[in-house]
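# Structural overview for review
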Amino acid sequence: MEATSTRRAGLERFTFPEGSKPYFVLDLANDLPASFAGGDMTLDPDSGRVTIGGFWGPRYVPSAL
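These numbers come from a predicted model, not from an experiment.

## As for the overall build of the protein chain
Scanning the protein chain from terminus to terminus reveals 0 helices and 4 strands. Put simply, the protein chain runs from its N terminus to its C terminus through helices and strands in the order β-β-β-β. Counting over 65 residues, the protein chain shows a buried share of 0%. At a minimum sequence separation of 6, the contacts of the protein chain that also span at least 24 residues come to 5%.

Structure (structure tokens):
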């Protein structure tokens, strides 16, 4: 596994042995402080890419004028 991050994003790459049947488990429900909202996940089996997004903590929503 290789990983890097910035203040607002993270990137991880998992490499599995050739001939193996790779899998991993993502626990998107383990939000202990209950501060995650608006999450989404996209899977692209052709490229092997998983994209996850969402918001943590209070989110500013401007009031309607």
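Alright, that's what it looks like, and here's the rest.
## A closer look at the environment of glycine 10
Looking at the secondary structure, you find glycine 10 in strand 2 (residues 10–13). For glycine 10, a relative accessible area of 63% translates into the label exposed. Counting along the chain gives 42 residues from glycine 10 to isoleucine 52, while the straight-line C-alpha distance between them is 9.9 Å. Excluding its chain neighbours within four sequence positions, the residues that come into contact with glycine 10 are Thr4 and Ser5.

## Some words on a nonpolar patch on the surface
Together, Met1, Phe14, Phe16, Phe24, Leu26, Met41, Leu43, Val50 and Ile52 make up a nonpolar patch on the protein surface, roughly 840 Å² of accessible area in all. Secondary-structure elements contributing two or more residues to the nonpolar patch are strand 3 (36–44) and strand 4 (49–56). Among the residues examined, isoleucine 52 registers a relative accessible area of 43% and is labelled partly exposed.

## A word on the pairing of strand 1 (residues 2–5)
As paired strands, strand 1 and strand 2 are joined by 4 bridges and run antiparallel to one another. Residue glutamate 2 lies in a different strand from strand 2, and its bridge partner there is arginine 13. As consecutive antiparallel partners, strand 1 and strand 2 are separated by 4 residues.

## Some thoughts on the environment of valine 50
With respect to the secondary-structure elements, valine 50 resides in strand 4. Judged by its relative accessible area of 34%, valine 50 falls in the partly exposed class. Along the chain, valine 50 and glutamate 12 lie 38 residues apart, while their C-alpha atoms are 9.8 Å from each other.

Scoring rules and cut-offs
- Residues numbered from 1 in each chain as written.
- Predicted model: local features only at pLDDT ≥ 70, side-chain atom pairs only at ≥ 80, totals over all residues.
- Heavy atoms only, no water.
- Helix = DSSP H or I, 4+ residues; strand = E, 2+ residues; numbered from the N terminus.
- Buried < 20%, exposed > 50% of the residue type's maximum accessible area, 1.4 Å probe, protein only.
- Contact = heavy atoms within 4.5 Å.
- Patch = residues over 30% accessible without salt bridge, like charges linked within 9 Å, V, L, I, M, F, W, Y side chains within 5 Å.
- Areas by Shrake-Rupley, 256 points an atom, 1.4 Å probe, with all protein chains shown as cover.
- Salt bridge = Lys/Arg side-chain N within 4 Å of Asp/Glu carboxyl O.
- Pairing = 2+ DSSP bridges.

Note that all results are geometric; they support no functional claim without further evidence.
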